[in-house]
Amino acid sequence: MSLSSPLPLVAVLNGPNMNMLGLREPELYGRATLDDVEALCAEAGEQLGLAIDFRQTNGEGELISWVQECRGRAAGIVVNPAGYTSTSIALLDALLSTQLPVIEVHITNIHRREEFRHHSFVSRGATGVICGLGIAGYRYALTAMADLLEAQE
Ligand code: DHK
């Protein structure tokens, strides 16, 4: 993540299996791919005046390292923690340590799904949560992040 752009940098971080978007359970997650989500975020970033660093990993440690890197470098974090949502206290701790605005995104409405998905450890470290609105949720998250950053100025 670089400081070279004059625009505020927002990291859009995606957890495990998000690389399978478009193929995985399309009846739940839709047919759009992760490349489509990245393109949507790039377009939203251009419109909102944000630089976007879009990433996906299947590893919890890598996700946590990326979150740590955001401290002092990014202005905010949009995260879809995917399966680590309901398991990772370490990810929550990393997000809290950044002291940055965080928006948690889920493509599906986790509260309408299996009970084990209902509790998010990450939400405790999130400024806001968007779920159940499909991949448009990423655009809503970036719009909200732009508003939060503007209010900080
Ligand atoms: C994505 C996942 O991979 C699941 O583990 C979460 C989330 C829901 C989503 O809706 O984007 O439970």
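Just above, that's the structure.
Residues numbered from 1 in each chain as written. Predicted model: local features only at pLDDT ≥ 70, side-chain atom pairs only at ≥ 80, totals over all residues. Heavy atoms only, no water.

Novice: Explain the environment of Pro8 residue by residue, including any values.
Specialist: For Pro8, the position within the fold is in the segment before strand E1 (9-14). Sequence-wise, Pro8 and Arg73 are 65 residues apart; in three dimensions their C-alpha atoms are separated by 9.3 Å. If near-sequence neighbours (up to four positions away) are discounted, Pro8 is found in contact with Gly49, Leu50, Ala51, Ala75 and Leu149. (Helix = DSSP H or I, 4+ residues; strand = E, 2+ residues; numbered from the N terminus. Contact = heavy atoms within 4.5 Å.)

Novice: Can you break down the pairing of E1 residue by residue, with the values?
Specialist: In terms of burial, E1 is a largely internal element, six of the six residues being buried. Because side chains alternate across E1, one face comprises the buried residues Leu9, Ala11 and Leu13, and the other comprises Val10, Val12 and Asn14, equally buried. The pairing of E1 with strand E2 (residues 51-56) spans six bridges and is classified as parallel. Residue pairing in the sheet places Val12 in a bridge with Phe54 of E2. For E1 and strand E3 (residues 76-80), the ladder comprises five bridges, and the chain directions are parallel. Across the sheet, residue Leu13 finds its bridge partner in E3, namely Val79. (Buried < 20%, exposed > 50% of the residue type's maximum accessible area, 1.4 Å probe, protein only. Pairing = 2+ DSSP bridges.)

Novice: Break down the site of the ligand for me, citing the residues and quoting the values.
Specialist: Close to the ligand lie Arg24, Tyr29, Asn80, Ala82, Gly83, His106, Ile107, Thr108, Ile110, Arg113 and Arg117, which account for all nearby residues. Interatomic distance of 3.0 Å between a side-chain N/O atom of Arg24 and an oxygen atom of the ligand. At 2.8 Å, a backbone N or O of Ile107 approaches an oxygen atom of the ligand. For the shell around the ligand, the per-class residue count stands at four nonpolar, four polar and three charged. (Near = heavy atom within 4 Å. Polar contact = N/O pair within 3.5 Å; in protein donor to acceptor, adjacent residues only side chain to side chain. Nonpolar A, V, L, I, M, F, W, Y, C, P; charged D, E, K, R; others polar.)

None of this, on its own, says anything about what the molecule does.
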